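Coordinate inspection notes
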Amino acid sequence: MSLKRRSAQWPWHGLLVVILLGLAIGLWMATKQVNYEWRWERVPQYFAYHDEVAQTAPFTGRIVKVHPDGAYSQVEMIPDAGGSRAIITVETDTLRVADGAQVTEDQEIGVTRHWRVGPLTEGLWVTIWISFASGFIGLIIGLVTGLCRISKNPALRGLAVLYIELIRGTPLLVQIFIFYFFIGTVLNLDRTVAGIGALSLFVGAYTAEIIRAGIQSIPKGQTEAARSLGMSTAETMIHIVLPQAFKRVLPPLAGQFISLIKDSSLVSVIAITDLTKSGREIITSSFATFEIWFTVALLYLLITSVLSQLLFWLERRFARSD
Amino acid sequence: MIEVKNLLKIFEGRGQVVRAVDDVSTQVAKGEVVVVIGPSGSGKSTFLRCLNGLEEFDDGQVIIDGIDIASSATNLNAVRREVGMVFQHFNLFPHKTVLENVTLAQRVVRKRKAAEAKDKAMALLTKVGIAEKANEYPSRLSGGQQQRVAIARALAMDPKVMLFDEPTSALDPEMVGEVLDVMKQLAREGMTMAVVTHEMGFAREVAQRVLFMDVGKVLEDAPPAEFFTAPKEPRAQAFLKQVL
């Protein structure tokens, strides 16, 4: 007889499915109640769409011949006023002229289609690169501030504490406004720069505290061993303390970075067209409010979960020496 | 090799003032092995840590190979290169392999080439009998093995003096011997050593002098034969009665 009891798990899995189903049904009923008409088919076009570009006659003249060539057709035309012939390429199924037809200048002959990136994809890209840029700058700010925070120099320590307290004690939204309207105006900054600056300063303060805690969590014996071998303070930090501290702070740092991606949605208030702002703009033209917000939420979820997987993998790699 | 004059180290905290090292003067000659013993809290570890400046002492002088380590003109890092230290809890670098533990300071501090540092490290790891673990991480090693790596790491800097701070206190009893053997070998080779330990057998066998410390003072300074058979101080007599 083992002490380990194996109670049946399946009733609980069943319960989970029932609860999730209940929630889904509830959501569906709720939208029925407000007579909301779901139009999911409208969403994909905001990721990428087939754009049609009208091809027009460059001059008044006559169509000499249309050369069909699969999906595309070459339209050969000659100007009435005399001169060299022109070849215009259009999609065969949109061809509007025939051999020998007379056309005037700017008359539409057909269209060509191109894939274009939609506003959701553009917004997603802006969110990703703003987050990474401010995450990177924030990490550097955090590292420097974290080191200042544990420095023996009272001036450095005081400045670090002041900065951390100021940032952690005020809302990010207010910081973004101050950065954009005050600092941005004084220094004449572009709105994107102002947005990245505000996010970097914000995440830097939190990172500084994480890094400080990480450095202080490394046993004193490590520093003593390094110093007893003749290493300087800086060499000890670089070779001994920081590599070990970095490994320890990776999980909280990752959490901070994931928060940053979500917090970056606040820069939409200073008219940076990130994922959130794109979503809002699309809604004003499509009226697919529910679908777009759900899609936007899913996209944030996608970035954050890809990132947590990546960091999980990184953590396992670093765990080699444990 | 080591000269200590009127060394004073005071710890302050929670309204208490502790004179951990109280006016200690002594010297260690080149090639001499000095063992420091005493009850816990007697200041013997603090005394040893003052010798390479890991503790910032409050007064007095420590002169290593003619260099006053407290002088403002002294580069303490340069002095520490010449003074190896082995700790009670080994303090190996857990994120580096055994080999990297022994080569790192050679590369960073002594500016040796990678190949040279590696040859030196392998020679020392062979000497302490642990060459086959060179590419393992310290967490894979037993306490005794870790401590031998720590000794190799200190020796890799070609120190003139070795300080041992209770090197066997954190070890399982069956691993004490392997570490003491390495230390005995070092002593035979003429290394200048200052050892804080509770291993009376080691003191008796290897030391030229035994310092007995209590409440921050050196109460007795005698050759081991004399100290272990006829201690003069009543405190030393009481201590030996307890431990022997």
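Residues numbered from 1 in each chain as written. Chains lettered and ligands numbered in written order. Predicted model: local features only at pLDDT ≥ 70, side-chain atom pairs only at ≥ 80, totals over all residues. Heavy atoms only, no water.

1. A closer look at the pairing of strand β3 (residues 72-79) of chain A
Residue and element names in this part refer to chain A. Basically, it comes down to this: Strands are treated as partners if at least two bridges between them are detected by DSSP. A helix here means a DSSP run of H or I that spans at least four residues, while a strand means a run of E at least two residues long, and both kinds are numbered starting from the N terminus.
Relative to β3, strand β2 (residues 61-69) is paired through 8 bridges, and the arrangement is antiparallel. Note that in β3 the partner of Val66 across the bridge is Val75. The sheet contact formed by β3 and strand β4 (residues 86-91) spans 6 bridges and is antiparallel. When the sheet's bridge partners are listed, Glu76 is paired in β4 with Ile87. In sequence, β3 turns back onto β4 through a hairpin of 6 residues, with Gly82 there showing a positive phi of about 90°.

2. Some points on the side chain of A:Ser200
Residue and element names in this part refer to chain A. Stated formally: Each residue is placed in one exposure class: buried if its accessible area under a 1.4 Å probe, protein chains only, is under 20% of its type's maximum, exposed if it is over 50%, and partly exposed if it falls in between. Note on definitions: a residue-residue contact is assigned when non-hydrogen atoms from the two residues lie within 4.5 Å.
Residue position: Ser200 is located in helix α5 (residues 191-216). The exposure class of Ser200 is buried, given its relative accessible area of 3%. When sequence neighbours within four positions are dropped, the list of residues in contact with Ser200 reads Ser134, Ile137, Gly138, Ile141 and Tyr163.

3. A few points about the sheet that holds β4(A)
Spatially, β4-β3-β2-β5 (chain A) is the arrangement adopted by the 4 strands of the open sheet, whose pairing is antiparallel. Because the sheet does not close on itself, it has two edges, and the strands there are β4 and β5 (102-103) of chain A.

4. So, the packing of aromatic side chains
Residues and elements named next belong to chain A. Quick note on the threshold: Each aromatic pair joins two rings of Phe, Tyr and Trp (for Trp, the six-membered one) with centres within 6.5 Å, and gets the label stacked for planes under 30 degrees apart, edge-to-face for over 60, and tilted for any other angle. Our definition puts a charge over a ring when NZ of Lys or CZ of Arg is within 6 Å of the ring centre and also within 35 degrees of the ring normal.
Across all of its chains, the model carries 12 aromatic pairs over all chains by this definition. Ring centres 5.2 Å apart and planes at 75° place the aromatic pair Tyr36 and Trp38 in the edge-to-face group. Taking relative accessible area as the criterion, Trp38 reaches 28% and is therefore assigned partly exposed. By way of ring pairs, the aromatic residues Tyr36, Trp38, Trp40, Phe290 and Phe294 are connected into one cluster. The ring of Tyr206 has Arg168 sitting right over it, with the charged end atom 5.8 Å from the ring centre.

5. Describing the domain arrangement of chain A
By a widespread convention, an interface's size corresponds to the accessible area lost as its parts come together. The condition that has to hold: An automatic or database domain assignment supplies the residue ranges for each domain.
Per the domain assignment, the segments of chain A are domain 1 (50-116) and domain 2 (119-321). Here domain 1 of chain A and domain 2 of chain A have C-alpha centroids that lie 54 Å from each other.

6. Some details on the pattern of salt bridges
All names here are of chain B. Defined as follows: Salt bridge, as used here: a side-chain nitrogen of Lys or Arg that lies within 4 Å of a carboxyl oxygen of Asp or Glu.
This structure, assessed with the given rule, holds 29 salt bridges over all chains. With its nearest N and O atoms 3.6 Å apart, the salt bridge here joins Glu82 to Arg110. With Glu82 in the loop between α2 (76-81) and β6 (83-86) and Arg110 in the loop between α3 (98-108) and α4 (114-127), the pair connects residues that are 28 residues apart, well separated along the chain. You can call Arg110 partly exposed: its relative accessible area is 25%.

7. Side note on empty space enclosed by the protein
Residues and elements named next belong to chain B. Heads up, the rule is: Points on a 1 Å grid over protein atoms alone make up a cavity when a 1.4 Å probe fits among them but cannot get out, and a pocket when they form an open set with protein on both sides within 12 Å along at least five of seven lines; lining residues each have an atom within 4 Å of a point. Grid points are joined across faces, edges and corners, and a volume is the space filled by probe spheres set on the points.
Summed over all chains, the structure comprises 1 cavity of 30 Å³ or more. Counted as a void, the largest cavity has a volume near 40 Å³. Taken together, Ile2, Val4, Thr26, Val28, Val34, Val36, Phe47, Leu51, Ala194 and Leu211 make up the lining of the largest cavity. Residue assignment for the lining of the largest cavity shows that the elements contributing at least two residues are β1 (2-13), β2 (16-28), β3 (33-37) and α1 (44-51).

8. Concerning the nonpolar core
Heads up, the condition is: Nonpolar core, defined: a set of buried Ala, Val, Leu, Ile, Met, Phe, Trp, Tyr and Cys residues in which side-chain atoms within 4.5 Å join the residues together.
Among the nonpolar cores identified, the biggest contains 50 residues, and B:Leu125, B:Ile151, B:Met162, B:Phe164, B:Met183, B:Met193 and B:Phe227 are the most heavily contacted of them. No other element matches the 8 residues that helix α6 (residues 173-188) of chain B contributes to this core. The residues contacting B:Ile151, other than those within four sequence positions of it, are B:Val86, B:Met162, B:Phe164, B:Val179, B:Val182, B:Met183 and B:Leu186. One finds A:Ala198, A:Leu260, A:Ala288 and A:Leu299 within the second-largest nonpolar core, a separate group that totals 41 residues.

9. Quick notes on the packing of helix α2 (residues 119-149) of chain A against helix α3 (residues 154-168) of chain A
Residues and elements named next belong to chain A. Defined as follows: Here the axes come from fitting lines to C-alpha atoms, over the contacting stretch only for helices, and the angles between their N-to-C directions go from 0 to 180 degrees. Throughout this description, any angle smaller than 35 degrees is read as roughly parallel, any larger than 145 degrees as roughly antiparallel, any in the 65 to 115 degree range as roughly perpendicular, and the remainder as oblique. Left-handed describes a crossing whose near helix is turned anticlockwise from the far helix by less than a right angle; the clockwise case is right-handed. Lys, Arg, Asp and Glu make up the charged group, whereas Ala, Val, Leu, Ile, Met, Phe, Trp, Tyr, Cys and Pro make up the nonpolar group; the residues left over, Gly among them, are polar.
Here α2 crosses α3 at 125°, and the two axes come no closer than 7 Å. The angle between the axes of α2 and α3 places the two elements in the oblique class. Taken as a pair, α2 and α3 cross one another with a handedness that is left-handed. Each of Ile141, Thr145, Cys148 and Arg149 in α2 lies in contact with α3, whose residues at this interface are Leu156, Arg157, Ala160, Val161, Tyr163 and Ile164. In the contact of α2 with α3, the residues fall into 7 nonpolar, 1 polar and 2 charged.

10. Description of the layout of surface pockets
By volume, the largest pocket is sized at about 990 Å³. Lining the largest pocket are 27 residues, and of these A:Lys152, A:Lys220, A:Thr223, A:Arg227 and A:Thr233 sit closest to its centre. Counting residues per element, the ones that place at least two in the lining of the largest pocket are α5, α6 (220-228) and α7 (233-263) of chain A together with α2 of chain B. What the second largest pocket holds in volume is close to 400 Å³. Lining the second largest pocket are 18 residues, and of these A:Gly135, A:Leu139, A:Leu253, A:Phe257 and A:Leu311 sit closest to its centre. Broken down by secondary-structure element, the contributors of at least two residues to the lining of the second largest pocket are α2, α5, α7 and α9 (289-318) of chain A. For the lining of the second largest pocket, a count of residues per class yields 14 nonpolar, 4 polar and no charged.

11. Points about a negative patch on the surface
Rule in force here: To count toward a patch, a residue needs a relative accessible area over 30% and no salt bridge; like charges are then connected within 9 Å, while nonpolar side chains (Val, Leu, Ile, Met, Phe, Trp, Tyr) are connected within 5 Å. Surface exposure here means Shrake-Rupley accessible area, sampled with a 1.4 Å probe, where a residue is shielded only by the protein chains that are shown. The charge count includes Lys and Arg as positive and Asp and Glu as negative, but it does not include His or the ends of the chains. In this description, the location of a charge corresponds to atom NZ of lysine, CZ of arginine, CG of aspartate or CD of glutamate.
Judged by side-chain charge, B:Glu12, B:Asp23, B:Asp58 and B:Asp59 come together as a negatively charged surface patch. Inspection of the secondary structure assignment puts B:Asp59 in strand β4 (residues 59-64).

12. Points about the pairing of strand β7 (residues 161-165) of chain B
All names here are of chain B. Burial analysis of β7 places 5 of its 5 residues in the buried class, the great majority of the element. As paired elements, β6 and β7 share 4 bridges and run parallel to each other. Paired with Gly84 across the bridge in β7 is Met162. Both β7 and strand β8 (residues 192-196) contribute to a ladder of 5 bridges, which runs parallel. The residue bridging Asp165 from the neighbouring strand is Val196, located in β8.

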